[in-house]
Amino acid sequence: MENPGVGAPADAGPLIVGIGGTVRSGSSTERAVRAVLAASAAAGARTLLLGAEELQLPLYAPGESLRTPAARRLVEAVALADGLVIGTPAYHGGVSGLVKNALDYLEDLREDARPYLHGRAVGCVVTARGTQAASTLAGLRSVVHALRGWPTPLGVAINTESVTLASDDSAGGSTGDPHLTAQLATVGRQVVEFARMRTPAG
């Protein structure tokens, strides 16, 4: 979707922007974010995914006024968003550099009418081969707080050693595991529910 939200009718659903993935297109992380967005769409939202290709940005440079088209698109999409979904793999116990760099670009919204992620719900999803997903999820939620966002009550930590995400989740939100599918769907609905409470006309 180009220029999401521009020219949208007054009764259009809230815009939920998904950010996440790895340099490997179609990664478990990106598929999990797609599943959450599918649930948001089923709840009446408009959705936009900024995945692996869109997040391969130059390292964020504070004070730099020149931005690549991809960096501008990211910042503009977040500025328009009514809610977000952020997914990251757990790398050495923390958020991946790819995702953290994208979030650093949100400093460009410091003077916006809604600075950073102010007043918006953010669904958080982490994948890892092992139990470090849980600690990384706590770290991601802390980053969202620092950006003035509201992490949804449910965040999802996925241990890919015990759960395999199906490859068809971009279409219908199925992960191949009923419990995980239900969790990701709940996050998607919670983001939309909060967005509607904040913007009743949207």
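Residues numbered from 1 in each chain as written. Predicted model: local features only at pLDDT ≥ 70, side-chain atom pairs only at ≥ 80, totals over all residues. Heavy atoms only, no water.

K.L.:
How should helix α2 (residues 69-80) be read in this particular structure?
P.N.:
For the α-helix, the turn length of 3.6 residues means that residues three or four positions removed from each other point alike. In a regular helix each residue adds 1.5 Å, so twelve residues correspond to 16 Å; α2 covers 16 Å between its end C-alpha atoms and thus fits that length. Elements in contact with the buried residues of α2: β1 (15-20), β2 (46-50), β3 (83-91) and α3 (97-104). (Helix = DSSP H or I, 4+ residues; strand = E, 2+ residues; numbered from the N terminus. Expected span 1.5 Å × (residues − 1). Contact = heavy atoms within 4.5 Å.)

K.L.:
In this structure, what is going on with the packing of aromatic side chains? I would like to understand it.
P.N.:
The relation between two aromatic rings is expressed through the spacing of the ring centres and the mutual angle of the planes. Considering all chains together, one arrives at two aromatic pairs under this definition. Measuring from ring centre to ring centre gives 5.2 Å for Y60 and Y105, while their planes differ by 75 degrees; the resulting arrangement is edge-to-face. Linking Y60 in the loop between β2 and α2 with Y105 in the loop between α3 and β5 (121-128), this pair joins segments that are 45 residues apart in sequence. Each member of the pair Y60 and Y105 is classed as buried. Ring centres 5.9 Å apart and planes at 35 degrees place the aromatic pair W150 and F194 in the tilted group. Of the two residues, W150 is situated in strand β6 (residues 150-151) and F194 in helix α6 (residues 178-198); the sequence distance between them amounts to 44 residues. Residue W150 is classed as partly exposed on the basis of its relative accessible area, which comes to 48%. (Phe/Tyr/Trp six-rings, centres within 6.5 Å; stacked < 30°, edge-to-face > 60°. Buried < 20%, exposed > 50% of the residue type's maximum accessible area, 1.4 Å probe, protein only.)

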